[in-house]
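Understanding the architecture of this molecule
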Amino acid sequence: MTLFTLSGFQRDLLTVIAGHDQPSGQQIKTELEDVRNEEINHGRLYPNLDTLVDKGYVEKGEIDRRTNFYQITDKGRTGLRERREWEDQYLQEAALA
């Protein structure tokens, strides 16, 4: 099962990236701040985005010299799907207990 090595914050980042077409780091930050109702500083955001890139869940590209975009990879998409299936299965089993 993939994504178990990621933190909850990293999984949230991956989910936001999956919902957009090549969002910038600032777009990801803004959306995550809205849903989590907390401020996210750059020192937390970008190292976690880099981890997702290093693990192959996200690709990073350049919009211009100052702005990068992020895009989910097939590995990232598969990981999110497997995670969702695992959650659904677990929740169904818990409801039957």
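Just so we're clear, the structure is a prediction, and the values are computed from it rather than from any experiment.

**Topic: the packing of helix α1 (residues 8–18) against helix α2 (residues 25–36)**
Helix-helix packing: each pair is described by the crossing angle between the helix axes and the interaxial distance. Between α1 and α2, whose axes approach to 10 Å, the crossing angle comes to 115°. As α1 packs across α2, the resulting crossing turns out to be right-handed. Contact residues: α1 offers Phe9, Asp12, Leu13, Val16 and Ile17, while α2 offers Ile28, Glu31, Leu32 and Arg36.

**Concerning the pattern of salt bridges**
Under the counting rule described, the total for this entry stands at eight salt bridges. Across the pair Arg44 and Glu38 runs a salt bridge, and its minimum N-O distance is 3.2 Å. Judged by its relative accessible area of 28%, Arg44 is partly exposed. With relative accessibility at 31%, the residue Glu38 sits in the partly exposed group.

**Some thoughts on the packing of aromatic side chains**
Geometry of an aromatic ring pair is reported as the spacing of the ring centres plus the angle between the planes. One pass over the structure, following the stated rule, counts two aromatic pairs. Ring plane angle 85° and centroid distance 5.0 Å describe the contact between Phe4 and Trp86, whose orientation is recorded as edge-to-face. One end of the pair, Phe4, is in the segment before α1; the other, Trp86, is in helix α4 (residues 74–96), and 82 residues separate them in sequence. Phe4 sits in the partly exposed class, given a relative accessible area of 41%. With a centroid separation of 5.9 Å and an interplanar angle of 15°, the aromatic rings of Trp86 and Tyr90 are classed as stacked. Pair noted here: Trp86 and Tyr90 are both in helix α4, with a separation of four residues, about one helical turn. Classification of Trp86 as partly exposed rests on a relative accessible area of 32%.

**Regarding the pairing of strand β1 (residues 58–62)**
Two faces, one strand: in a regular strand the side chains alternate between the faces of the sheet. Bridge count between β1 and strand β2 (residues 68–72): five bridges; the pairing is antiparallel. Paired with Val58 across the strands is Ile72, a residue of β2. A loop of five residues connects β1 with β2, the two strands running antiparallel in sequence.

**Points about α2**
End to end, α2 covers 16 Å across twelve residues, agreeing with the expected 16 Å (1.5 Å per residue, within 8%). Turning to α2, its buried residues number three or more, namely Gly25, Ile28, Lys29, Leu32 and Glu33. For α2, the angular spread of buried residues about the axis comes to 130°, placing them on one side. Along α2, the residues that are exposed and aim more than 90 degrees away from the buried face are Asp34 and Val35. Looking at the buried residues of α2, the elements they touch are α1, α3 (42–54) and β2. Once α2 finishes, Asn37 follows within two positions and takes phi at roughly 55°, a positive value.

Here is what the cut-offs are and how they apply
Residues numbered from 1 in each chain as written. Predicted model: local features only at pLDDT ≥ 70, side-chain atom pairs only at ≥ 80, totals over all residues. Heavy atoms only, no water. Axes fitted to C-alpha atoms, helices over the stretch in contact; angles between N-to-C directions. Helix = DSSP H or I, 4+ residues; strand = E, 2+ residues; numbered from the N terminus. Left-handed = near helix turned anticlockwise from the far one by under 90°. Contact = heavy atoms within 4.5 Å. Salt bridge = Lys/Arg side-chain N within 4 Å of Asp/Glu carboxyl O. Buried < 20%, exposed > 50% of the residue type's maximum accessible area, 1.4 Å probe, protein only. Phe/Tyr/Trp six-rings, centres within 6.5 Å; stacked < 30°, edge-to-face > 60°. Pairing = 2+ DSSP bridges. Expected span 1.5 Å × (residues − 1). Arc of directions from axis to C-beta.

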